[in-house]
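Listed here are the chains, written in short residue letters.
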Amino acid sequence: MNHRTIRVGALAPLSRPGFLEAGRHIRAGVELAVTEINEAGGVDGRPLELLLRDTAGTPARAADAVRAFVDEGAVAVVGEYHSVVAHAAAGVAVEVGLPFVCSSAVLDAVVDAPTDMVARIAPAQSYCWRVYADFLVAAGYREVALVVQPDLYWSSGARVLKASLAERGVAVSVVEFDAWVVDALVADVVLLLVGYPEPAVSLVKAVRADPRLAGVRIGDPAGRVEFPEWAGLVGEAGADIPFLRYMPPELPPLGVRVAEGLAGLLGERPSFVAFEGYDAVQVVAEALRVGGLDRRGAAAGLGSPGLRVAGTRGTIGFSRDVGDVLQWAWPPVHVAA
């Protein structure tokens, strides 16, 4: 190890049962950011060294990785896509005093108690999924079925959508996922609040194969339709209403430049998840410049009220007033076809 380097940990699901496409895009984002920062002279003249760990989409592996980052001298950790995995990582990060910039997980309760040790650049679920509910109402949908695979993330999302839609006059049914779920669907829209690729892919195929559900539209609020793998597995009819993505209608100049670099690394159009990974590293770098080049400095920089970071999708600043973590309020959110 070069003792002049500043070590930064990164978490991404790079093997099953994690969502591999999302993990690959996080990896591209964080690696590009580290490369660009180092080519520009590093942070106060010291290069960043990236410590990337595969969570496999499992909380235990993420928790172990955060502990390992501390032993390896990391000053902060970034990343993760899965909310329940980020929750486990955040809990350990708070426990050991390692600042965590959560790039993509939206679960409101990503921590169990208020803390300045965790910052998030993805929107909170209670915010972005309400935007999705507003879209469904504006589009004229009046019967919505939520197929839910109960866990911390999906159950939380179901509560947000049910409350948001019901208060706007939409009939909402909540159907717990099981082998007979198709028989219980009575709606013009079915929203998938289940794991990926399974049972999501099998559920889509079952709905499309059932003549009783001809004309039912399928949606995925979690935005997995953004990734090419989805269409490859279930075809164009796999999700035929728009989905959430955390991007502005048009990227600013920095975002346009970074998009070209990400596309070169990925061999395809970058998703919002890749931009989130890039921005998370830039947040850590700026926090270090503001607060100092160790863990305490990174934490102090994140918590600085004046911290502002030029991100790919806009200027990032954090608020303590919208949840239990330092939250960018708010990243751009739109519903995309």
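Just so it is clear, the model here is predicted, and its values are computed rather than measured.

**Focus: the sheet that holds strand E8 (residues 189–193)**
Piece 1. Spatially, E7-E6-E8-E9 is the arrangement adopted by the four strands of the open sheet, whose pairing is parallel. Of all strands in the sheet, those with a lone pairing partner are strand E7 (171–176) and strand E9 (217–219), marking the two edges. Mean inter-strand twist for the sheet, computed between neighbouring axes without regard to direction, equals 25°.
Piece 2. As paired elements, strand E6 (residues 143–148) and E7 share six bridges and run parallel to each other. Bridged to Glu 143 within E7 is Ala 171.
Piece 3. The strands that helix H5 (residues 152–166) touches are E6, E7 and E8; relative to E6, the one it contacts most, it runs at about 170°.

**Structural notes on the side chain of Arg 245**
Piece 1. Along the chain, the position of Arg 245 falls in strand E10 (residues 243–245).
Piece 2. Note on Arg 245: relative accessible area 12%, which makes it buried.
Piece 3. For Arg 245, the residues in contact, after removing those within four places along its chain, are Glu 226, Arg 269, Phe 272, Pro 332, Val 333, His 334 and Ala 336.

**Let's talk about the packing of helix H1 (residues 20–39) against helix H8 (residues 253–266)**
Piece 1. With their axes 10 Å apart at the nearest point, H1 and H8 run at an angle of 120° to one another. Between H1 and H8, the interaxial angle falls into the category oblique. Between H1 and H8 the crossing geometry is right-handed. Across the interface between the two elements, Arg 24, His 25, Ala 28, Gly 29, Leu 32 and Glu 36 of H1 pack against Arg 257, Val 258, Gly 261, Leu 262, Leu 265 and Leu 266 of H8.
Piece 2. Partitioned by chemical class, the residues of the contact of H1 with H8 number six nonpolar, three polar and three charged.

**Concerning helix H10 (residues 295–302)**
Working note: α-helix, 3.6 residues per turn, so residues spaced by three or four point in the same direction.
Piece 1. Where H10 is concerned, the buried positions are Gly 297, Ala 298, Ala 299, Gly 301 and Leu 302.
Piece 2. Between the side-chain oxygen at the start of H10 and the backbone nitrogen of Arg 296 there is a gap of 3.3 Å, and the oxygen is on Asp 294.

**Looking at the sheet that holds strand E3 (residues 76–79)**
Piece 1. Strands sit in the order E2-E1-E3-E4-E5-E14-E13 across an open sheet of seven strands; the sheet is mixed. Each end of this open sheet is capped by a strand with a single partner; those strands are strand E2 (48–54) and strand E13 (318–319).
Piece 2. Where E3 meets strand E4 (residues 100–102), three bridges bridge the pair, whose relative direction is parallel. Bridge pairing links Gly 79 to Cys 102 in E4.
Piece 3. Contacts from H1 reach strand E1 (6–12), E2 and E3, with the element oriented near 170° to E2.
Piece 4. Sheet strands touched by helix H3 (residues 83–96): E1, E4 and strand E5 (118–120). Its angle to E4, the strand with the most contacts, is close to 160°.

**Remarks on the pattern of salt bridges**
Side chains that differ in sign of charge can pair as their charged atoms come close.
Piece 1. Inspection of every chain in the model, using the stated rule, returns 21 salt bridges.
Piece 2. In this structure, Arg 27 and Glu 31 form a salt bridge, with 3.0 Å as the shortest nitrogen-oxygen distance. Pair noted here: Arg 27 and Glu 31 are both in helix H1, with a separation of four residues, about one helical turn.
Piece 3. The class for Arg 27 is partly exposed, based on a relative accessible area of 37%.
Piece 4. Glu 31 gets classed as partly exposed once you look at its relative accessible area, which sits at 30%.
Piece 5. Where Asp 279 meets Arg 313, a salt bridge forms, and the shortest distance between an N and an O atom there is 3.1 Å. Here Asp 279 is found in helix H9 (residues 272–291), whereas its partner Arg 313 is found in the loop between strand E11 (309–311) and strand E12 (314–316), with 34 residues between them in sequence. Comparing Asp 279 with Arg 313, the two get one shared label, buried.
Piece 6. Ionic contacts of the salt-bridge type, sharing partners, join the residues Arg 130, Asp 134, Glu 167 and Arg 168 into one network.

**Quick notes on H3**
Piece 1. Taking 1.5 Å of rise per residue, the 14 residues of H3 would be expected to cover 20 Å, and the 20 Å separating its terminal C-alpha atoms lies within 8% of that figure.
Piece 2. Inspection of H3 places Ser 83, Val 85, Ala 86, Ala 88, Ala 89, Ala 90, Val 92 and Ala 93 among the buried residues, and these make up the whole buried set.
Piece 3. For H3, the elements touching its buried residues are E1, helix H2 (59–71), E4, E5 and H5.
Piece 4. After H3 finishes, the residue Gly 97 shows a positive phi value of roughly 75°.

**Considering the pairing of E2**
Piece 1. Relative to E2, E1 runs parallel, the two sharing seven bridges. Bridge pairing in E2 links Ala 10 to Leu 52.
Piece 2. Between the parallel elements E1 and E2, the chain passes through H1 in a crossover that is right-handed.

**Some words on unusual backbone geometry**
Piece 1. Cis geometry marks the peptide bond from Tyr 196 to Pro 197, where omega comes out at 5°.
Piece 2. Relative to the elements of secondary structure, Pro 197 occurs in the loop between E8 and helix H6 (200–209).
Piece 3. With omega at 5°, the peptide bond leading from Glu 198 into Pro 199 counts as cis.
Piece 4. Looking at the secondary structure, you find Pro 199 in the loop between E8 and H6.
Piece 5. Here Asp 44, not a glycine, exhibits a phi torsion of approximately 50°, which is positive.
Piece 6. Tracing the backbone shows Asp 44 in the loop between H1 and E2.
Piece 7. Residue Glu 80 is not a glycine yet carries a positive backbone phi of 75°.
Piece 8. Checked against the element boundaries, Glu 80 lands in the loop between E3 and H3.

The rules we used
- Residues numbered from 1 in each chain as written.
- Predicted model: local features only at pLDDT ≥ 70, side-chain atom pairs only at ≥ 80, totals over all residues.
- Heavy atoms only, no water.
- Pairing = 2+ DSSP bridges.
- Helix = DSSP H or I, 4+ residues; strand = E, 2+ residues; numbered from the N terminus.
- Axes fitted to C-alpha atoms, helices over the stretch in contact; angles between N-to-C directions.
- Contact = heavy atoms within 4.5 Å.
- Buried < 20%, exposed > 50% of the residue type's maximum accessible area, 1.4 Å probe, protein only.
- Parallel < 35°, antiparallel > 145°, perpendicular 65-115°, else oblique.
- Left-handed = near helix turned anticlockwise from the far one by under 90°.
- Nonpolar A, V, L, I, M, F, W, Y, C, P; charged D, E, K, R; others polar.
- Polar contact = N/O pair within 3.5 Å; in protein donor to acceptor, adjacent residues only side chain to side chain.
- Salt bridge = Lys/Arg side-chain N within 4 Å of Asp/Glu carboxyl O.
- Expected span 1.5 Å × (residues − 1).
- Right-handed = clockwise from strand over helix to strand, strands pointing away.

Taken by themselves, the reported measurements are silent on function.
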